Amino acid sequence: MNAAIEVRTLSKRFGAIVALEDATLSVEYGRVVGFLGPNGAGKSTLMRALLGLVRADSGDAHIAGLPYTHLPAPAKTVGAVLDIASAHPRVTARAHLHMYAALGGMDRSRVDTALSLVGAQPYADRRVGTFSTGMRQRLALATAMLGDPDILVLDEPSNGLDPGGIAWLRTFLRAFADAGGAVLLSSHVLHEIEHTIDDVVLIDRGRIIWTGALEQLVAQDAPLEEAFLRLTQKGPLS
Ligand SMILES: Nc1ncnc2c1ncn2[C@@H]1O[C@H](COP(=O)(O)OP(=O)(O)OP(=O)(O)O)[C@@H](O)[C@H]1O
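Parameters at a glance
Residues numbered from 1 in each chain as written. Predicted model: local features only at pLDDT ≥ 70, side-chain atom pairs only at ≥ 80, totals over all residues. Helix = DSSP H or I, 4+ residues; strand = E, 2+ residues; numbered from the N terminus. Rg over C-alpha atoms; globule rule 2.2 N^0.38 Å. Buried ≥ 20, exposed ≤ 12 C-beta atoms within 10 Å, placed from the backbone. Contact = placed C-beta atoms within 7 Å. Near = placed C-beta within 6 Å. Nonpolar A, V, L, I, M, F, W, Y, C, P; charged D, E, K, R; others polar. Core = buried A, V, L, I, M, F, W, Y, C linked by C-beta atoms within 7 Å. Domains from an automatic or database assignment. Pairing = 2+ DSSP bridges. Axes fitted to C-alpha atoms, helices over the stretch in contact; angles between N-to-C directions.

### A look at the overall build of the protein chain
Link 1 in the chain: Scanning the protein chain from terminus to terminus reveals 9 helices and 9 strands.
Link 2 in the chain: Taken over C-alpha atoms, the radius of gyration comes to 17 Å for the protein chain, in line with the 18 Å a tight globule of 238 residues would show.
Link 3 in the chain: Across the 238 residues that make up the protein chain, the buried fraction comes to 42%.
Link 4 in the chain: Put simply, 69% of the contacts in the protein chain that link residues at least 6 apart link residues at least 24 apart.

### Topic: the site of the ligand
Link 1 in the chain: Around the ligand sit Phe 14, Ile 17, Ala 19, Gly 37, Asn 39, Gly 40, Ala 41, Gly 42, Lys 43, Ser 44, Thr 45 and His 188, and that is every residue in its neighbourhood.
Link 2 in the chain: With 3 residues, the single largest contributor to the shell around the ligand is helix α1 (residues 43-50).
Link 3 in the chain: Of the residues in the shell around the ligand, the class split is 4 nonpolar, 7 polar and 1 charged.

### Side note on the nonpolar core
Link 1 in the chain: In terms of nonpolar packing, the biggest core is built from 73 residues, with Ile 5, Leu 50, Leu 97, Ala 142, Ile 151, Val 153 and Val 183 touching the most fellow members.
Link 2 in the chain: The two domains that each donate at least three residues to this core are domain 1 (1-64 + 150-238) and domain 2 (84-149).

### So, the sheet that holds strand β9 (residues 207-213)
Remark on secondary structure: sheet strands pair via backbone hydrogen bonds, oriented parallel or antiparallel.
Link 1 in the chain: Spatially, 6 strands are ordered β5-β6-β7-β3-β8-β9 in an open sheet, and the strand pairing comes out mixed. This sheet does not close on itself; its edge strands, each paired only once, are β5 (78-81) and β9. Neighbour-to-neighbour, the strand axes of the sheet open up by a mean angle of 15°, direction not taken into account.
Link 2 in the chain: By the bridge criterion, 4 bridges tie β5 to strand β6 (residues 151-155) in an arrangement that is parallel. When the bridges of β6 are listed, Ala 80 appears paired with Val 153.
Link 3 in the chain: Of the strands in this sheet, β3 (32-36), β6, β7 (182-187) and β8 (199-204) are in contact with α1, which crosses β6 at around 145°.
Link 4 in the chain: Of the strands in this sheet, β3, β6 and β7 are in contact with helix α6 (residues 163-178), which crosses β7 at around 150°.

### Describing the domain arrangement of the protein chain
How big an interface is tends to be reported as the loss of accessible area on association of its parts.
Link 1 in the chain: Here the protein chain is described as being made up of domain 1 (1-64 + 150-238) and domain 2 (84-149).
Link 2 in the chain: A C-alpha centroid distance of 25 Å is found between domain 1 and domain 2.
Link 3 in the chain: Each side of the interface is counted separately: domain 1 has 10 residues, and domain 2 has 7 residues.
Link 4 in the chain: At the level of elements, β6 and α6 are the ones that each hand at least two residues to the side of domain 1 that touches domain 2.

### Here we look at the sheet that holds strand β1 (residues 5-14)
Link 1 in the chain: Ordered in space as β2-β1-β4, the 3 strands form an open sheet in which the pairing is antiparallel. The open sheet has two edge strands, β2 (17-27) and β4 (58-63), and neither has a second partner. Averaged over neighbouring strand pairs, the angle between their axes works out to 20° when direction is ignored.
Link 2 in the chain: Pairing geometry for β1 and β4, over 5 bridges, is antiparallel. Across the sheet, Arg 8 pairs through a bridge with Asp 60, a residue of β4.
Link 3 in the chain: Its contacts with the sheet place α1 against β1, β2 and β4, and it is angled at close to 115° to β1.

### As for the pairing of β3
Link 1 in the chain: Summarising burial for β3: 5 of the 5 residues are buried, a large majority.
Link 2 in the chain: Alternating residues of β3 divide into Val 32, Gly 34 and Leu 36 and Val 33 and Phe 35, and every residue in both groups is buried.
Link 3 in the chain: In this sheet, β7 lies alongside β3 in parallel orientation, the contact comprising 5 bridges. By the bridge assignment, Val 33 is partnered in β7 with Leu 184.
Link 4 in the chain: Relative to β8, β3 is paired through 4 bridges, and the arrangement is parallel. Bridge assignment links Gly 34 to a residue of β8, and that residue is Val 200.

Written out as structure tokens, the structure reads:
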């Protein structure tokens with residue numbers, strides 16, 4: 001079977017800025033992969049390229065074996081959280097989800113399922129403009145889950161979550177992966193995701209500098225933060 005996510009030698013420049021240089025990574029089903037790197041390392045650019053929102057200069061980015069734009073049912077294959085500010089402030093969470101379900105050709109019953117999956121029922125009928133950052137994160141995740149996808153691509157999903165929210169996200173992602181799902185999640189806040197991820201892909205200045213199981217990295221360099229700082233300050237490894 002194909003990997004859930006397969007990125008090969010992906011490169012992208014914005015003018016003189018090299019955002020990605022020959023980036024290669026894969027995410028297998030059943031794994032939660034932490035995509036880690038300092039600010040500006042290229043994490044969002046890679047995720048956006050994976051989801052067909054940025055056109056790479058060269059290389060391939062496949063989800064379930066195909067480029068995103070070729071997927072026959074993208075919302076049923078991959079759920080993404082890239083930007084939590086995308087919901088209109090005057091609509092309720094439920095109305096927002098109904099709109100997305102209609103756009104994606106999904107059954108309306110998925111709205112209640114998605115709300116309960118992320119624990120957002122208590123504020124489902126409030127306007128999104130009144131939401132805290134953590135509530136917005138949960139709504140964004142509910143939107144990603146509407147199509148019941150097997151793959152999640154999450155850019156900084158723990159941003160704005162309180163400790164209870166982070167613990168909840170960890171349990172949610174673990175259950176998702178244990179049921180056979182694949183997760184690529186980015187972060188630069190290491191202690192928030194250290195107990196969530198199985199594998200690590202470390203990116204710095206557009207280049208992937210380390211990939212492997214989390215325990216390999218922390219066994220060599222406990223704790224994760226020390227390994228991250230040492231590897232990213234050293235620059236690309238040969
Ligand atoms: N649309 C754009 N136009 C010009 N430069 C861009 C654009 N998008 C990203 N960049 C640049 O590409 C590089 C990688 O940015 P990217 O947002 O992918 O990093 P990141 O790892 O997600 O950072 P952060 O952790 O701060 O979110 C940065 O130097 C950024 O300024």
